[in-house]
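Here's the letter readout for the chains.
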Amino acid sequence: MTAAAQPRVLIIGAGMSGLLMGIRLLQSGNTNFRIFEKAPKAGGTWRENTYPNLACDVFAVAYTYSFEPNPDWNYRFARGDEIQKYFERCERKYGLAPFISYSTAVTEARWEKDHWEILTASGERDRGDVLVSAAGALHHPNYPDIPGLREFAGPCFHTARWDHTVDLRGKRVGVIGTGSTASQVVPGIVDKVAEVHLFQRTPQWVMPTPDRKVSQAERARRHRFPWLLRLQHRLGLFLMEIFSRGVLGNRLLLRYLEAGCRANLRAIRDPELRRKLTPDYPAACKRLVISEDFAAAIQRDNAHLVTERIERIEPGGVRTGDGHLHELDVLVLATGFAPYKLDFEVIGAGGRRLAERMAGSPLMYRTVGVPGFPNYFVLFGPYSPIGNMSIIENSEVQANYVLQCIELIGRGVLRSMNPREDVALALKEDMRRQIRNTVWAGGCNSWYLDGNGEAVVYPFQYAHFRRELRAPLLADFETT
Ligand code: N01
């Protein structure tokens, strides 16, 4: 064990949750930590996603750290670039830069009897008492396994690797995928391109939530009355929580959500297009898409919804099952992510590999721990998402819990804490039973599902989540 009062904490990732963990440590008086960030700057998903029309579908007033409200959001649903600036501002304001090693990729973390050893891509080693993985849930682009993908003659890129050197003006652009990302990209480019062809494998329920610009007067009011902003933050979270209750099994709310989505579909004038866009699974089974402008965009004369199965990609475009070649100049892959994938190896007690523990059906302890991996904590890992709830709120609850564990170590109450496997298995069984009551068991395919096709989301109400993570229960751990 290193410094007793300030356990040394190694954090992987300087996105929303890694920065949060750093700030919480500083606020608790612990300066003995280091954040490893493989990229040259902070921001995580908001640094990596820069596609046109990128915005967050959580109310902007609620999409901040609770202790750092932002009076300056320009829209009701904040745009990607302003969110990125918000996190960069937090990094500066809380003085995190000296604690962050940028352009430093961790390749391996190994538990060595009573501490963690970290190895970076440049061969540097570091050691700490606690390891926090804040590496992001949706971070590794999912490149579709479509024959001929590499043969496409024009520019082809994933939405999380948007190529801004490609001028889309006057081009025929193909977009594969119809998730939250594609539903923003299509309205974002439709005015600029000659044609947009949206390749849909499965229709999505789309909830139109009116967006608007925040007036100068309102921003001034938020500056002048910080209590108003705090109130709006709470209110925004409350609305998201209500919304999530529908997803978590409240049939009345779910019907209300579906009615909103159906009303959105009624705005599609062409019955054939409407039919193609209508899902055959319950609303919110996949993560609900929030978009005010998708319905209008897909009805534009230069927008074409393609529902024929993609057979292959050829140099000139996309060939569908009906033999038709959709000729394209640019191909955009809005095909989502491989969730929770880590690009570093984590080796726990007895040489156990985290990747094996997570393969198929992951075993987590109360969303933050993993049996066999002492003093290892995960922020926003498997089982963390709760409906469309703000992930910042989730991560705050988790970071506060982790901080308490670190403080137990700092006070010398224990040196290491390893979640008990029997406890984690029993909790997992409870979750699996509960998941059967949620809309995620509605028979659709989504990134919420694990390798066995089971949802790895948090199936209880938000209040339950907060209660579960209020304080560590030592009886749940093997401790030294
Ligand atoms: O990814 P997705 P996303 N051939 O996994 C299709 C967050 N987010 O990037 O449905 C053809 O949802 C796939 O088809 P199917 C949010 O949590 C938030 O859009 O599997 N198609 C699907 O249509 C979101 O849930 C915001 O049949 C293929 C699409 O690609 C999460 O990120 C904005 C295919 C993938 O959809 C991920 O969203 C953006 C193939 N081989 C993202 N493979 C906001 O806050 C996949 N697809 C607004």
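Reading guide: rules and limits
- Residues numbered from 1 in each chain as written.
- Predicted model: local features only at pLDDT ≥ 70, side-chain atom pairs only at ≥ 80, totals over all residues.
- Heavy atoms only, no water.
- 1 Å grid on protein atoms, 1.4 Å probe; cavity = no way out; pocket = protein on both sides within 12 Å on 5 of 7 lines; lining within 4 Å.
- Points joined across faces, edges and corners; volume = space filled by probe spheres on them.
- Helix = DSSP H or I, 4+ residues; strand = E, 2+ residues; numbered from the N terminus.
- Nonpolar A, V, L, I, M, F, W, Y, C, P; charged D, E, K, R; others polar.
- Pairing = 2+ DSSP bridges.
- Axes fitted to C-alpha atoms, helices over the stretch in contact; angles between N-to-C directions.
- Domains from an automatic or database assignment.
- Contact = heavy atoms within 4.5 Å.
- Salt bridge = Lys/Arg side-chain N within 4 Å of Asp/Glu carboxyl O.
- Polar contact = N/O pair within 3.5 Å; in protein donor to acceptor, adjacent residues only side chain to side chain.

This part takes up the layout of surface pockets. Volume-wise, the second largest pocket comes out at about 500 Å³. Counting only elements with at least two residues in the lining of the second largest pocket, the list comes to β20 (345-347), α10 (354-358) and β21 (376-378). Grouping the amino acids of the lining of the second largest pocket by side-chain chemistry returns 21 nonpolar, 5 polar and 3 charged.

The 4 strands are arranged β6-β5-β4-β20 in an open sheet whose pairing can be described as mixed. The two strands at the open ends of the sheet, each matched to only one other strand, are β6 (125-128) and β20. Sheet twist, expressed as the mean angle between neighbouring strand axes with direction ignored, is 15 degrees.

So, on to the domain arrangement of the chain. For the chain, the assigned domains read domain 1 (3-140 + 338-479) and domain 2 (142-213 + 218-336). The C-alpha centroid of domain 2 is placed 27 Å from the C-alpha centroid of domain 1. Contact residues are listed per partner, giving 53 residues for domain 1 and 48 residues for domain 2. Scanning the region where domain 1 abuts domain 2 turns up 4 salt bridges. Residue Glu48 is joined to Arg161 by a salt bridge in which the shortest nitrogen-to-oxygen separation is 3.5 Å.

This brings us to the environment of Arg357. Relative to the helices and strands, Arg357 resides in helix α10. Remark: the alpha-carbon pair of Arg357 and Phe225, spanning 132 residues in sequence, is separated by 49 Å. Leaving out residues up to four positions away in the same chain, Arg357 has contacts with Arg352, Pro362, Leu363, Val370, Pro371, Phe373 and Glu421. Polar contacts involving the side chain of Arg357 include one to the main-chain carbonyl oxygen of Pro371, which spans 3.2 Å.

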